[in-house]
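Below are the chains, spelled out letter by letter.
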Amino acid sequence: MSIAHTPSADRGGPAQPLLLVQDLKKHFPIRGGLFGATVATVRAVDGVSFSVLKGETLGIVGESGCGKSTTARLVMRLMDPDSGSLIFDGEGVGQNAQTGGLPLKEYRRQVQMVFQDSYASLNPRLPIEDSIAFAPKVHGVRDAEARGRARELLAAVGLAPASFARRYPHELSGGQRQRVNIARALALQPRLVLLDEPVSALDKSVEAQVLNLLVDLKEKFGLTYIFISHDLNVVQYISDRVMVMYLGEVAEMGPVDAIYDRPAHPYTQALLASRPAMDPGKRREEPPLTGDPPNPINPPSGCRFRTRCPHAEPICAERKPAAAELGGGHLAACHMALPGSGHSQAGRLAA
Amino acid sequence: MSEVLDRPMTEKAATVPLVRMRDVNVRFATRDRTVHAVNGVDLDLAAGEVLCILGESGSGKSVTMRALMRLLPKFARVTGSIEVAGRDVVAMGEGALQDFRGGDVAMIFQEPMTALDPVFTIGRQIAETVQRHEGLSRAAADARALELLELVQIPSAKRRLAAYPHELSGGLRQRAMIAVALACRPKLLLADEPTTALDATVQIQVLLLLRRLQEQMGMGVIFVTHDLGVAGEIADRVAVMYAGKVVEEGPVQALMRGPLHPYPRGLLGATVQPGMRGKRLTTIPGAPPSLDLAPTTCPFAPRCPEVEPACTVEVGPRPRRPVPGRMARCVHVAGGA
Ligand SMILES: Nc1ncnc2c1ncn2[C@@H]1O[C@H](COP(=O)(O)OP(=O)(O)OP(=O)(O)O)[C@@H](O)[C@H]1O
Ligand SMILES: Nc1ncnc2c1ncn2[C@@H]1O[C@H](COP(=O)(O)OP(=O)(O)OP(=O)(O)O)[C@@H](O)[C@H]1O
Ligand code: SF4
Ligand code: SF4
Ligand SMILES: [Mg+2]
Ligand SMILES: [Mg+2]
């Protein structure tokens, strides 16, 4: 039996998080001048830690450039982090034979990704069935078997194999192409699927189809998701827990209801209040925040949100707020949430 | 006091509608293929009114806007009548069009770099427009540029006059494009998804800014979006397009609370809103029709849960107006034309 057809066993048991991400950092140098010297650094991901429990969906939200996709690429190991570690079902990722742990090749099979751009991620010259069968064949699955599996997956994502298997990507609508991308991500029977803005390019009626499909597939194949989106309503719909990022850092994290009903970080509060009102009777007069998110090249000292925060005090510029535990796994990196931080409203929010 | 805000309105709101489109059709015919992009659109806009055009990708929203401004490529076949402020847009010659664009009517886009010239400073671009359309002196035009940047709430406006578009952040660039569009105080602003690419906290700022400017300047606005929330935040009236037709139109509140046509009803049900967690989303099966042929009967019939034989017989379907101000093209809606 080939590896691609052996669903990976649960090793650590249900209490062991599927993925533990510890203090992940990735800085991009910006080169300039005659000799290509580093003139600045983009702190794209700057000390991000989180866990993903088995069978849950972790939503990641935040504005453009806050580091969501870079975090996903680091978790996928499409690029190496500057520092930080990944622990997958209790095993260190990418450690060598001496130290034990999970070899990269094996990890990459168990973790797959779906991108926003459904067109760019498919080979235009391959019928979609062959695109889906490609990775399993690389992993040693025989052609006929890989094709059979590809057709099963096409059926699972709602594309009748008889009429779709031999089509090329340009013969599909955007929603259909995204279904193919999802089928392809599932071809190696991964345990964790990273979805980076998977429905952002789709129309609302198609978005609903794909979200229903994702919910069904998760159930059917026992998957765990990391779901990245800038659409706060979609993240609320799909996630069990939510992580809010701001300029390369985690601002707040917790169960979905805690984040949406009792946001503790001023940034989360402003982000949620920025959603347009579906009800014309509830129009806003003042925007929750002014200005644009600052540049991750020279992020503000201390709390990175302080340049836009209505509650900023001198302490916020002096010290970076540590994540305060608010109970039930709800964390907020704000001096107001941390008793004794020196902020005049400190501890007001503590559990 | 303010040169931009205080100039008198020329047209009287009640007499002539600002925009009147009747039976507008747009067809793109190339050697390989014909696309019937817009199929019999009627639209009215009163002065000082905000109309949102809602619809999925490819439903003809942008083409309708471009037809209004005569910005379509030469090979596009446009029929029907288009009047803005009582003037026949279809009959305008090149000179009149130059006057019309940027004077009576201005347009803003999703991507500001398509409207801004990368080699001129923001201040120069605004002043240039004002000089060309209103024949102001350079000094007066420069003063107007500063006033406009302040009007769109660009911080340190004086310094930003000398900035090139690429030196501004996304939100500021969008504001700069709005300033250029408002330079000659248009009566009509066409906005094609101007906030779609912006971050949540910036989008709401730009929406509220547009709403305020629209009220202060008494502009008519047609705002294209595929986001129901954006329509809820800014529209007076909403027109929903499908396959190049307006299938429903009405006041924003009434339409959002109780759409008459099955398509907007499906769209509303498929839009994820707070409080839907754990519930299965309703979907609209299938996909919009290819527009290789112009739809004659109801274009939504292949996807409609309420389809019946009559739907594939009646041409149009003809518009129904069950209550004043509301219109739906569906055989199941009561009411005369
Ligand atoms: N390869 C790279 N080289 C240099 N800078 C990069 C690179 N990749 C990302 N960045 C920068 O890192 C920051 C974070 O980018 P990232 O793509 O992770 O953001 P994001 O949260 O996914 O944003 P979006 O919502 O726009 O997708 C940005 O400032 C981006 O410009
Ligand atoms: N210049 C053109 N040549 C040929 N076809 C065109 C041209 N411009 C638009 N179309 C076609 O006309 C139809 C309507 O396009 P339009 O841009 O108006 O859609 P839209 O409603 O604005 O969609 P979106 O939400 O994606 O912007 C589409 O099928 C499109 O492919
Ligand atoms: S730490 Fe200070 S600046 Fe940062 S969010 Fe809290 S109050 Fe605002
Ligand atoms: S006319 Fe018929 S097919 Fe069209 S929307 Fe109405 S009920 Fe549905
Ligand atoms: Mg991204
Ligand atoms: Mg468009």
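First, a word on scope: everything that follows refers to the structure included in this document. Because the structure is predicted, anything quoted here is derived from the model rather than measured.

**Regarding the packing of aromatic side chains**
On inspection of all chains with the given rule, the structure shows eight aromatic pairs over all chains. With a centroid separation of 5.9 Å and an interplanar angle of 55 degrees, the aromatic rings of Phe28 of chain B and Phe75 of chain B are classed as tilted. Of the two residues, Phe28 of chain B sits in strand β1 (residues 19-29) while Phe75 of chain B sits in the loop between α1 (61-68) and β4 (76-84), which places them 47 residues apart along the sequence. Within the aromatic cluster, the residues linked to one another by ring pairs are Tyr246, Tyr267 and Phe305 of chain A.

**Side note on the interface of chain B and chain A**
With 48 residues of chain B at the contact, the number on the chain A side is 41 residues. With both sides pooled, the region where chain B packs onto chain A buries about 3,500 Å², and carbon together with sulfur makes up 52% of that total. It is Thr201, Val272 and Arg277 of chain B in chain B that bury the most area against chain A; as a group they hold 19% of the surface buried on that side. Here Asp279 of chain A makes a salt bridge to Arg257 of chain B, at a shortest N to O gap of 3.3 Å. Inspection of the chain B/chain A interface yields 25 residue pairs in polar contact (both at pLDDT 80 or more). For the side of chain B that touches chain A, the elements supplying multiple residues, two or more each, are α6 (170-182), α7 (200-217), α8 (228-234), α9 (252-257) and α10 (262-270) of chain B. By residue number, the principal contributor to the side of chain B that touches chain A is α7 of chain B, which donates eight residues. Residue classes in the side of chain B that touches chain A are distributed as 21 nonpolar, 18 polar and nine charged.

**So, the site of ligand 2**
All names here are of chain B. Taken together, the neighbourhood of ligand 2 is formed by 14 residues, with Ser57, Gly58, Lys61, Ser62 and Val63 sitting nearest. At 3.0 Å from an oxygen atom of ligand 2 is found a main-chain nitrogen or oxygen belonging to Gly60. Backbone polar atom of Val63 to an oxygen atom of ligand 2: 2.9 Å apart, as the coordinates give it. Within the complex, the protein chains bury 64% of what would otherwise be the 640 Å² of accessible surface of ligand 2. Counting only elements with at least two residues in the shell around ligand 2, the list comes to β2 (34-45) and α1. A total of three residues in the shell around ligand 2 trace back to one element, the largest contributor, which is α1.

**Notes on the environment of Asp257 of chain A**
Among the structural elements, Asp257 of chain A can be located in helix α9 (residues 256-261). Looking at Asp257 of chain A, the relative accessible area reads 44%, which means it is partly exposed.

**Here we look at the site of ligand 1**
All names here are of chain A. Looking at ligand 1, the residues that line it are Phe28, Val42, Ala44, Glu63, Ser64, Gly65, Cys66, Gly67, Lys68, Ser69, Thr70 and Pro296. One of the side-chain N or O atoms of Lys68 is found 2.8 Å from an oxygen atom in ligand 1. At 2.5 Å, a side-chain N or O of Thr70 approaches an oxygen atom of ligand 1. Listing elements by their share of the shell around ligand 1, those giving two or more residues are β2 (37-52) and α1 (68-76). Here the shell around ligand 1 gets three residues from one element, more than from any other, and that element is α1. Partitioned by chemical class, the residues of the shell around ligand 1 number five nonpolar, five polar and two charged.

**Let's talk about the sheet that holds strand β4 (residues 83-88) of chain A**
Residues and elements named next belong to chain A. Taken in spatial order, the four strands of this open sheet run β2-β1-β4-β5, and their pairing is antiparallel. Single-partner strands in this sheet number two, and they are β2 and β5 (91-92). Bridge count between strand β1 (residues 19-32) and β2: 12 bridges; the pairing is antiparallel. Across the sheet, the residue bridging to Leu24 is Val48, located in β2.

**Details of helix α4 (residues 143-156) of chain A**
Residues and elements named next belong to chain A. Under the 1.5 Å per step criterion, the end-to-end length of α4 is 20 Å for 14 residues, consistent within 8% with the ideal 20 Å. Those residues of α4 lying buried are Ala146, Arg149, Ala150, Leu153, Leu154 and Ala156. Considered in projection along α4, the buried side chains sweep an arc of 155 degrees and stay on one side of the axis. Among the exposed residues of α4, those oriented more than 90 degrees off its buried face are Ala144 and Glu152. For α4, the elements touching its buried residues are α3 (128-138), α5 (161-164), α6 (174-186) and α7 (204-221).

**Considering the pattern of salt bridges**
Under the criterion given, the structure shown has 44 salt bridges over all chains. As a salt-bridge pair, Arg77 of chain A and Asp80 of chain A come within 3.0 Å of each other at their nearest N and O atoms. Given a relative accessible area of 48%, Asp80 of chain A falls into the partly exposed group. Residues Arg22 of chain B and Asp44 of chain B are paired through a salt bridge, measuring 2.9 Å at the closest nitrogen-oxygen approach. With a gap of 22 residues between them, Arg22 of chain B in strand β1 and Asp44 of chain B in strand β2 connect regions that are remote in the sequence. By relative accessible area, Arg22 of chain B is classed as partly exposed at 24%.

**Overview of α6 of chain B**
Residue and element names in this part refer to chain B. Here α6 is 13 residues long and its end C-alpha atoms lie 19 Å apart, about the 18 Å a rise of 1.5 Å per residue gives. Judged by how many residues are buried, α6 sits mostly within the fold: 12 of 13 residues are covered. Of all the residues in α6, the buried ones are Gly171, Leu172, Arg173, Gln174, Arg175, Ala176, Met177, Ile178, Ala179, Val180, Ala181 and Leu182. In this structure, the buried residues of α6 make contact with β6 (105-108), α3 (122-134), α4 (138-151), α5 (157-160), β7 (188-192) and α7.

**Notes on the sheet that holds strand β8 (residues 220-225) of chain B**
To summarise the sheet geometry, strands pair through backbone hydrogen bonds and adopt either a parallel or an antiparallel arrangement. Residues and elements named next belong to chain B. Reading across the sheet, the seven strands line up as β6-β7-β8-β3-β9-β10-β11 and stay open at both edges, with mixed pairing between neighbours. Edge positions in the sheet fall to β6 and β11 (327-328), since each of these pairs with one other strand and no more. Pairing between β7 and β8: five bridges, direction parallel. Bridged to Asp192 within β8 is Val224. Its contacts with the sheet put α10 on β9 (237-242) and β10 (245-251), and the angle it makes with β9 is roughly 100 degrees.

**Notes on the pairing of strand β10 (residues 249-255) of chain A**
Residues and elements named next belong to chain A. Of all seven residues making up β10, six are buried, and the element is well covered by its neighbours. The pairing of strand β9 (residues 241-246) with β10 spans six bridges and is classified as antiparallel. In the strand pairing of β10, Val242 is matched with Gly254. Remark: two residues form the turn of the hairpin made by β9 and β10, two consecutive strands paired antiparallel; Leu247 in that turn has positive phi of roughly 45 degrees.

**A closer look at the packing of α3 of chain A against α4 of chain A**
Residue and element names in this part refer to chain A. α4 packs onto α3 with a crossing angle of 125 degrees between their chain directions and a minimal axis gap of 8 Å. Accordingly, the angle class assigned to the pair α3 and α4 is oblique. In the crossing of α3 with α4, the sense of the turn from one axis to the other is right-handed. Residues Ile128, Glu129, Asp130, Ile132, Ala133, Pro136 and Lys137 of α3 pack against Asp143, Ala146, Arg147, Ala150, Arg151, Leu153 and Leu154 of α4. Class assignment for the residues of the contact of α3 with α4 results in eight nonpolar, no polar and six charged.

Quick notes on the rules
- Residues numbered from 1 in each chain as written.
- Chains lettered and ligands numbered in written order.
- Predicted model: local features only at pLDDT ≥ 70, side-chain atom pairs only at ≥ 80, totals over all residues.
- Heavy atoms only, no water.
- Phe/Tyr/Trp six-rings, centres within 6.5 Å; stacked < 30°, edge-to-face > 60°.
- Helix = DSSP H or I, 4+ residues; strand = E, 2+ residues; numbered from the N terminus.
- Contact = heavy atoms within 4.5 Å.
- Buried area = accessible area lost by both parts, 1.4 Å probe.
- Salt bridge = Lys/Arg side-chain N within 4 Å of Asp/Glu carboxyl O.
- Polar contact = N/O pair within 3.5 Å; in protein donor to acceptor, adjacent residues only side chain to side chain.
- Nonpolar A, V, L, I, M, F, W, Y, C, P; charged D, E, K, R; others polar.
- Near = heavy atom within 4 Å.
- Areas by Shrake-Rupley, 256 points an atom, 1.4 Å probe, with all protein chains shown as cover.
- Buried < 20%, exposed > 50% of the residue type's maximum accessible area, 1.4 Å probe, protein only.
- Pairing = 2+ DSSP bridges.
- Expected span 1.5 Å × (residues − 1).
- Arc of directions from axis to C-beta.
- Axes fitted to C-alpha atoms, helices over the stretch in contact; angles between N-to-C directions.
- Parallel < 35°, antiparallel > 145°, perpendicular 65-115°, else oblique.
- Left-handed = near helix turned anticlockwise from the far one by under 90°.

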